[in-house]
Amino acid sequence: MSNPQAETTPTATDTVVYTVKDGVAWVSFNRPAKRNAMNPALNRRMMEVLDELEFRDDVGLLVLRGEGTAWSAGMDLKEYFRDVESQGLGGVRKAQRESYGWWRRLRWYQKTTIAMVHGWCFGGGYGPLFACDLAFCADEAQFGLSEINWGILPGGGATKVATTLMPMRTAMYHALMGENLDGQAAARAGLVNESLPLDRLEARVTEVAHKLLQKNWTTLKATKDAVRRVMEMTYDSAEDYLVRAQEAANSFDGEGRKEGIRQFIDEKSYKPGLGHYDKSKKV
Ligand code: COA
């Protein structure tokens, strides 16, 4: 898949390209000749790109996509594994920090994130897939924990992603068999939110992105963090965390919540159960 909106002409050394349009940062893995396998150069560049975009006022949401036929064929077997291993333990740990680092950054990103998977998504690709808040794919996409096929376990978080998103038996079969899931199967298994025909994928992602952009961005960040955090908490801990997280969000955007209440209770201009309040109105 090409990114027709890209402002920059990708070069062979541009491992990541992006453009910003109507509040959305469209960020692409850009090693199509290598099926967007993640090498150390790409991992370092992706962290820089996330830095560049995170607090831009004109960026409310980030979509992660891939150039060419792949979303990402996972870690680069030559440059991330073989070449790095020849540098010894220090080289291995450095490369791990660089890749795990930008996935972690993406998991807790300030803006809402969507993975738009149109083609191959293997192994290490599950890290950024899970890091994105939402994921949409094409029916033509292929998802696989291919590690078993070349002799390692699904590391770099991939096993955790599989067991977090899928029931145990499904995750176990997926990890042991090394068989791929197409888009529809991936949606049924829980790896993505929805799968749809390739020619409708970008339009659907754009539609979801623009709906999200109309909501309160501070609240979106508080909500996405809350979903990830409470997954690992007891009920009581979650209850307590949510009280404090909302109070912290109020300190950054307390007026937003009051305005949302005002438009419903006083102005009667919308119903929270049916849509969002109008952010452009100020009391
Ligand atoms: N690491 C390093 N190089 C990779 C790669 C990876 N993960 N995935 C693809 N490439 C390279 C190939 O070596 C080839 O390079 P070359 O042109 O210099 O020979 C190029 O990308 C194109 O790959 P090719 O296999 O010819 O493309 P394809 O479209 O026929 O098949 C895949 C695509 C993704 C099915 C296949 O490349 C593949 O199985 N890749 C490995 C996937 C994997 O196991 N990833 C897990 C890593 S944790």
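Located above this text is the structure these notes cover.
Note that this is a predicted model, so its numbers are computed, not measured.

## What to know about the packing of aromatic side chains
Logical step 1: In this structure the tally under the stated criterion is 8 aromatic pairs.
Logical step 2: Summarising the aromatic geometry, the rings of Trp102 and Trp103 are spaced 6.4 Å apart at their centres and angled 75 degrees between planes, so their arrangement reads as edge-to-face. Grouping residues by exposure puts Trp102 and Trp103 together as buried.
Logical step 3: One aromatic cluster in this structure is built from Phe29, Trp71, Tyr100, Trp102 and Trp103.
Logical step 4: Here the basic side chain of Arg228 rests over the ring of Phe130, its NZ or CZ set 5.0 Å away from the ring centre.
Logical step 5: Cation over ring: Arg229 sits above Trp108, and NZ or CZ is 3.9 Å from the ring centre.

## Remarks on the site of the ligand
Logical step 1: Lining the immediate surroundings of the ligand are 14 residues, of which Lys34, Arg35, Ala73, Leu77 and Ser146 lie closest.
Logical step 2: Arg35 is positioned such that a nitrogen or oxygen atom in its side chain is 2.9 Å from an oxygen atom of the ligand.
Logical step 3: Contact with the protein chains removes 60% of the 860 Å² of surface that the ligand exposes when unbound.
Logical step 4: Elements supplying a minimum of two residues to the shell around the ligand: strand E6 (120-122) and helix H5 (147-150).
Logical step 5: Split by residue class, the shell around the ligand holds 8 nonpolar, 2 polar and 4 charged.

## Digging into unusual backbone geometry
Logical step 1: The phi angle at Asp22 is positive, at roughly 50 degrees, despite the residue not being glycine.
Logical step 2: Relative to the helices and strands, Asp22 resides in the loop between strand E1 (16-21) and strand E2 (24-29).
Logical step 3: You will see that Asn36, though not glycine, has its phi angle at about 60 degrees, which is positive.
Logical step 4: Mapped onto the elements of the fold, Asn36 is located in the loop between E2 and helix H1 (40-54).

## Overview of a nonpolar patch on the surface
Logical step 1: Residues Met168, Met172, Tyr173, Leu176 and Met177 make up a contiguous nonpolar surface patch of roughly 510 Å² in combined accessible area.
Logical step 2: Of note, Leu176 is situated in helix H7 (residues 168-177).
Logical step 3: Residue Leu176 is classed as exposed on the basis of its relative accessible area of 53%.

What counts and what doesn't
Residues numbered from 1 in each chain as written. Predicted model: local features only at pLDDT ≥ 70, side-chain atom pairs only at ≥ 80, totals over all residues. Heavy atoms only, no water. Phe/Tyr/Trp six-rings, centres within 6.5 Å; stacked < 30°, edge-to-face > 60°. Buried < 20%, exposed > 50% of the residue type's maximum accessible area, 1.4 Å probe, protein only. Lys NZ or Arg CZ within 6 Å of the ring centre and 35° of its normal. Near = heavy atom within 4 Å. Polar contact = N/O pair within 3.5 Å; in protein donor to acceptor, adjacent residues only side chain to side chain. Areas by Shrake-Rupley, 256 points an atom, 1.4 Å probe, with all protein chains shown as cover. Helix = DSSP H or I, 4+ residues; strand = E, 2+ residues; numbered from the N terminus. Nonpolar A, V, L, I, M, F, W, Y, C, P; charged D, E, K, R; others polar. Patch = residues over 30% accessible without salt bridge, like charges linked within 9 Å, V, L, I, M, F, W, Y side chains within 5 Å. Salt bridge = Lys/Arg side-chain N within 4 Å of Asp/Glu carboxyl O.

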